[in-house]
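Listed below, chain by chain, are the residues.
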Amino acid sequence: MARSGVDPYGEAVRLLAREASRLLEEKGATIEEKPEYLVSPPPRPEYGDLSFPAFRLARPLGMKPVEAAKLLASRVSAASTGTVVGRVEPVGGFVNVFLNAGELARRVFEAARTLGEGFGRVPTEKPLRIVIEHTSANPVHPLHIGHARNAALGDALARLLEARGHVVQRRFYIDDMGRQVAVLAYGMMKLSERGGPTEPRGKPDHWIGLVYAVTHTLVDIRTTRRMLEEAREAGDEERVRELQEELDDLVGAAAELRERDSQLFDTLADAIMADEDPEETIARITRAYEFGEDWAVKLVRGAVEKCIEGFRETLEGRLGIRFDKWDWESDLVWGSLVGRLLEEARKSPYFALHKEAEALDFKHLQRDPEVRERLGLPETLEIPPLILVRSDGTTLYTTRDIAYSIYKFRDFNADRVINVIAAEQRLPQLQIRLALIALGYRREAYNMIHYAYEMVNLPGVKMSGRRGRYVALDSLIDAAVQKAGEEIAKRNRELGEERTREIARQVGVGAVKYALLGVNAAKPMVFNLDDTLNFERNTAPYIQYAHARASKILAKAGGEIPWGDVDYSAAEGHPARRRLLVEASRFPYIAAKAADELRPELVVEYLNGLAEIFNTWYPQDPVLAETDRGARAYKLGLVYLVKTVLRNALGLLGIPAPEEM
RNA sequence: GGGCCCGUAGCCUAGCCAGGACAAGGCGCCGGCCUUCGGAGCCGGAGAUCCCGGGUUCAAAUCCCGGCGGGCCCGCCA
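Basis of the calculations
Residues numbered from 1 in each chain as written. Chains lettered and ligands numbered in written order. Predicted model: local features only at pLDDT ≥ 70, side-chain atom pairs only at ≥ 80, totals over all residues. Heavy atoms only, no water. Buried < 20%, exposed > 50% of the residue type's maximum accessible area, 1.4 Å probe, protein only. Helix = DSSP H or I, 4+ residues; strand = E, 2+ residues; numbered from the N terminus. Pairing = 2+ DSSP bridges. Right-handed = clockwise from strand over helix to strand, strands pointing away. Patch = residues over 30% accessible without salt bridge, like charges linked within 9 Å, V, L, I, M, F, W, Y side chains within 5 Å. Areas by Shrake-Rupley, 256 points an atom, 1.4 Å probe, with all protein chains shown as cover. Salt bridge = Lys/Arg side-chain N within 4 Å of Asp/Glu carboxyl O. Domains from an automatic or database assignment. Contact = heavy atoms within 4.5 Å. Buried area = accessible area lost by both parts, 1.4 Å probe. Phe/Tyr/Trp six-rings, centres within 6.5 Å; stacked < 30°, edge-to-face > 60°. Axes fitted to C-alpha atoms, helices over the stretch in contact; angles between N-to-C directions. Parallel < 35°, antiparallel > 145°, perpendicular 65-115°, else oblique. Left-handed = near helix turned anticlockwise from the far one by under 90°. Nonpolar A, V, L, I, M, F, W, Y, C, P; charged D, E, K, R; others polar. 1 Å grid on protein atoms, 1.4 Å probe; cavity = no way out; pocket = protein on both sides within 12 Å on 5 of 7 lines; lining within 4 Å. Points joined across faces, edges and corners; volume = space filled by probe spheres on them. Near = heavy atom within 4 Å. Polar contact = N/O pair within 3.5 Å; in protein donor to acceptor, adjacent residues only side chain to side chain.

K.L.:
Outline the pairing of strand S4 (residues 129-133), supporting the account with residue identities and numerical values.
P.N.:
A large share of S4 lies buried, amounting to four of its five residues. Note that S4 and strand S5 (residues 167-174) share five bridges and pair parallel. The residue bridging Val131 from the neighbouring strand is Gln169, located in S5. A crossover connection joins S4 to the parallel S5 through helix H6 (residues 145-163); in handedness this β-α-β unit is right-handed. Relative to strand S10 (residues 416-422), S4 runs parallel, the two being bridged by four bridges. For Ile132, the partnering residue across the bridge sits in S10 and is Ile418.

K.L.:
Let's hear about a nonpolar patch on the surface: which residues, and what values?
P.N.:
Together, Phe55, Val91 and Phe94 make up a nonpolar patch on the protein surface, roughly 240 Å² of accessible area in all. Topologically, Val91 is positioned in strand S2 (residues 85-91).

K.L.:
Summarise the domain arrangement of chain A; cite the residues concerned and give the values.
P.N.:
Domains assigned within chain A are domain 1 (8-99), domain 2 (130-175 + 327-457) and domain 3 (179-311). The gap between the C-alpha centroids of domain 2 and domain 3 is 29 Å. On the side of domain 3, 20 residues touch domain 2, which itself brings 20 residues to the contact. Per-residue buried area on domain 2 facing domain 3 is highest for Val140, Trp328 and Trp334; these three make up 36% of the total on that side. For the pair domain 2 and domain 3, the interface holds one salt bridge.

K.L.:
Tell me about the packing of aromatic side chains, and please be specific about residues and values.
P.N.:
The final tally for this structure, using the stated rule, is 18 aromatic pairs. Judged by centre distance (6.4 Å) and plane angle (25°), the ring pair of Tyr404 and Tyr407 falls under stacked. Linking Tyr404 with Tyr407, this pair stays in helix H16 (residues 397-412), spanning three residues, or about one helical turn. Tyr404 gets classed as buried once you look at its relative accessible area, which sits at 0%.

K.L.:
Please give an account of unusual backbone geometry that cites residues and values.
P.N.:
Peptide bonds are mostly trans, and most non-glycine residues show a negative phi. For Thr135, which is not a glycine, the phi torsion comes out positive at approximately 70°. Structurally, Thr135 can be placed in the loop between S4 and H6. Residue Thr135 is classed as buried on the basis of its relative accessible area, which comes to 5%. Although it is not a glycine, Glu356 adopts a positive phi angle of roughly 65°.

K.L.:
Residues and numbers for the pattern of salt bridges, please.
P.N.:
Scanning the entire structure with this criterion turns up 59 salt bridges. The closest approach of N and O atoms between Lys306 and Glu199, which form a salt bridge, is 3.6 Å. With Lys306 in helix H12 (residues 294-318) and Glu199 in the loop between helix H7 (179-193) and helix H8 (204-234), this pair connects stretches of sequence that are 107 residues apart. In this structure, the salt-bridge partner of Glu444 is Arg410, at a minimum N-O distance of 3.0 Å. With Glu444 in helix H18 (residues 442-446) and Arg410 in helix H16, this pair connects stretches of sequence that are 34 residues apart. Taking relative accessible area as the criterion, Arg410 reaches 48% and is therefore assigned partly exposed.

K.L.:
Which residues make up the side chain of Glu19, and what values do they have?
P.N.:
Relative to the helices and strands, Glu19 resides in helix H1 (residues 8-26). With residues near it in sequence (within four places) discarded, Glu19 still touches Leu72, Arg75, Val76 and Ala79.

K.L.:
Please provide a residue-by-residue account of the packing of helix H25 (residues 601-620) against helix H26 (residues 629-652), values included.
P.N.:
Across the interface, H25 lies against H26 with an axial gap of 11 Å and an inter-helix angle of 155°. Accordingly, the angle class assigned to the pair H25 and H26 is roughly antiparallel. Crossing hand, H25 versus H26: left-handed. Residue-level contacts link Val603, Tyr606, Leu607, Leu610, Phe614 and Trp617 of H25 to Lys635, Leu638, Val639, Val642, Val645, Leu646, Ala649 and Leu650 of H26. For the contact of H25 with H26, the class distribution of residues is 13 nonpolar, no polar and one charged.

K.L.:
Report on the sheet that holds strand S11 (residues 448-453), specifying residues and quantitative values.
P.N.:
As summarised here, the arrangement of the five strands in space is S6-S5-S4-S10-S11, forming an open sheet in which the pairing is parallel. The sheet is open, and its two edges are formed by strand S6 (325-328) and S11, each paired on a single side. Strand-to-strand twist across the sheet, computed as the mean angle between neighbouring axes with direction ignored, equals 25°. For S5 and S6, the ladder comprises four bridges, and the chain directions are parallel. In the strand pairing of S6, Phe172 is matched with Trp326. Along the sheet face, helix H17 (residues 426-438) touches S10 and S11 and points at about 180° away from the line of S11.

K.L.:
Give a detailed account of empty space enclosed by the protein, specifying residues and quantitative values.
P.N.:
On inspection of all chains with the given rule, the structure shows three cavities of 30 Å³ or more. Quantified by volume, the largest cavity comes out at close to 50 Å³. Taken together, Asp176, Met177, Gly178, Val181, Ala182, Ile285, Thr286, Tyr289 and Val300 make up the full set of residues lining the largest cavity. Sorting the residues of the lining of the largest cavity by element identifies H7 and helix H11 (278-290) as the ones contributing at least two each. In terms of residue count, the dominant contributor to the lining of the largest cavity is H11 (three residues). Its residues assigned to classes, the lining of the largest cavity comprises six nonpolar, two polar and one charged. Computed from the structure, the second largest cavity encloses a volume of approximately 40 Å³. Forming the boundary of the second largest cavity are Ala148, Ala151, Ala152, Leu319, Ile321, Val512, Lys513 and Leu516. Looking at the lining of the second largest cavity, the elements with two or more residues in it are H6 and helix H20 (497-517).

K.L.:
Quick rundown of the environment of Ala515? Include the residues and the values.
P.N.:
Here Ala515 shows up in helix H20. In contact with Ala515, other than residues within four places in its own chain, are Met525, Phe527 and Thr532.

K.L.:
I'd like a rundown of the protein's contact with RNA strand B, residues and numbers included.
P.N.:
Near RNA strand B there are 69 residues, and of these Arg44, Asp175, Arg491, Arg599 and Tyr618 occur at the shortest range. Here, RNA strand B places atoms within 4 Å of the protein, and 63% of those atoms are sugar or phosphate. Within the side chain of Tyr542, a nitrogen or oxygen atom sits 2.9 Å from a phosphate oxygen of RNA strand B. Within the side chain of Thr616, an N or O atom sits 3.2 Å from a phosphate oxygen of RNA strand B. Ranked by residue count, the leading element in the surface near RNA strand B is helix H22 (residues 540-557), at eight residues. For the surface near RNA strand B, the class distribution of residues is 31 nonpolar, 13 polar and 25 charged.

K.L.:
Explain the side chain of Gln506 to me, and be specific about the residues and the numbers.
P.N.:
Positionally, Gln506 belongs in helix H20. The exposure class of Gln506 is buried, given its relative accessible area of 13%. One polar contact links Gln506 to Glu502, side chain to side chain, over a distance of 2.9 Å. In this view, Gln506 contacts Gln544, Pro656 and Pro658; residues no more than four positions away in its chain are not counted.

Written as structure tokens, this is what we have:
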């Protein structure tokens, strides 16, 4: 049971659910749903603050719906002494509950006053150790808006779970062994051979992104040219036309890239065009790095570190998203982890050769009913075998990720691991969990969650990291912060330049995060900067603005809230005032639910509603002009409550709440 | 070919898992409020075959079956 007093609203919900359960229990009856799920705020105010559809109990209890409602209502009423539950009414098949606003206010004010920043934290009955791996972008180009969705989600989940009392560790996986990194390293190698620049100009990840795109495009041009010649010799007209088209595209992309830095481009072009076989050199880098050869380690780490430095600037410096651990994929390989994993795999009954490569075959495992249920496998899905080792002896990303999955559990002694990873990686993520089961890591497999999110698109932008066609997250943040600064300057000239700049940062960054968190992760989204920066409703600035206004009212009232003067009878009577209280008091319940269901968007939806109700209320029921001493104190308490909730809820999303803006 | 996800007013989003009372909020549009605690605001209005068709149920946006449309995935890439 949650500590009493931290969530009075939730206690009312649970009281209603508990009485329903008891009623069923006494009759030896059951229903499928958890009764708590059936409690909901009714659609209209005359139906009260909470309702329960007693229809559901009628059949199991062998009664008519109306009778069941009457019976439950009388039970709830009898159990309500000393709680926030007030009037209880059976209406049709529903039981409607009106909260006792005065009592609710007394308890919620008390909680907000004593808990402060901790208001809204409802400790879970079962605290877990949870690892959240998120963002983990390829270290070859700057972060873009899709990574921002990943980062915003991962960070919000971490904050939500921490608020629920779990122990959370945030990790970033540096994938430095992929082909893309080898391509980048190849470019860096050529630059250094030719005496070109090897240190970033400007922000390091942006510069790295350019080197990568130039290198990749030039290598592709070489490869395509060679294939074109071969096709010509073979007289394959169709193929020639296809490749010619591809080559034209590549040359176009190259021209765009050259405009960004002609010296860099020309240096790389000369070097790569002179190289006998770039692909072979890239493969050599991959092998040498995997086997930890000195020259390759220096080369690759040097390049990747630069990119990571840029990531940190954006994530930690600008977005306030911090990590506890930065894990290098290569460390897993150079240490014994991946090697040991492969040994285990070779001993596994699921080990098989697939196209002559070492692999795990899931044909039999995927039919296991328990496995199917726990992993949610569709019946007719054939899961392809997972190849573990390339024929040249190097490992594959998925293989290393299996080792990493085990490592994440071990290193933190974790009960659960949540991976925030793009939805397009569903199959490999599933294969990893199957592999864990195949190798005897059943507990890990069942407690590893792929938190999938869909792509983010920018209107009219087609992105490609390999071609250097992307909008960097940094420039979106810049635009958001700049627009925020303009808006603030327009409306509040008393802040001063430095304070304006700081608040603009909080507002601009908040707007971007809020927009990314407001949409369910399973939905592909279009990120429209104009909408985000519109700063009207359903945006962070709208919420932050409500918070600033609440802060200002309290500041004008001067000093401490006279809690001792509060007249709780002022809670009833004024409909908007009452509604605001009830809505604000729902926060701890919402925060707990959002954490348990891993759904930050619930907090966003809630904030939209609360800010709106606050803005509706305060012009029609002025606080400072209130002459009755007890009522004035009550209203100040209410403003304090709302301010606390707005600030803490934004905090769960990693969004700051400025006192003024 | 198979699998996963999405489909709610002109546009964006919530509600769907756990079925209930006239389907909620925003943008945009139309009309009011230059209201004393901050107009990034407030009030009012128009606007919805909840993709389609069956089924289950006292009750379906929600569950089941069959379609349609869109996205993604089925590499010795990551």
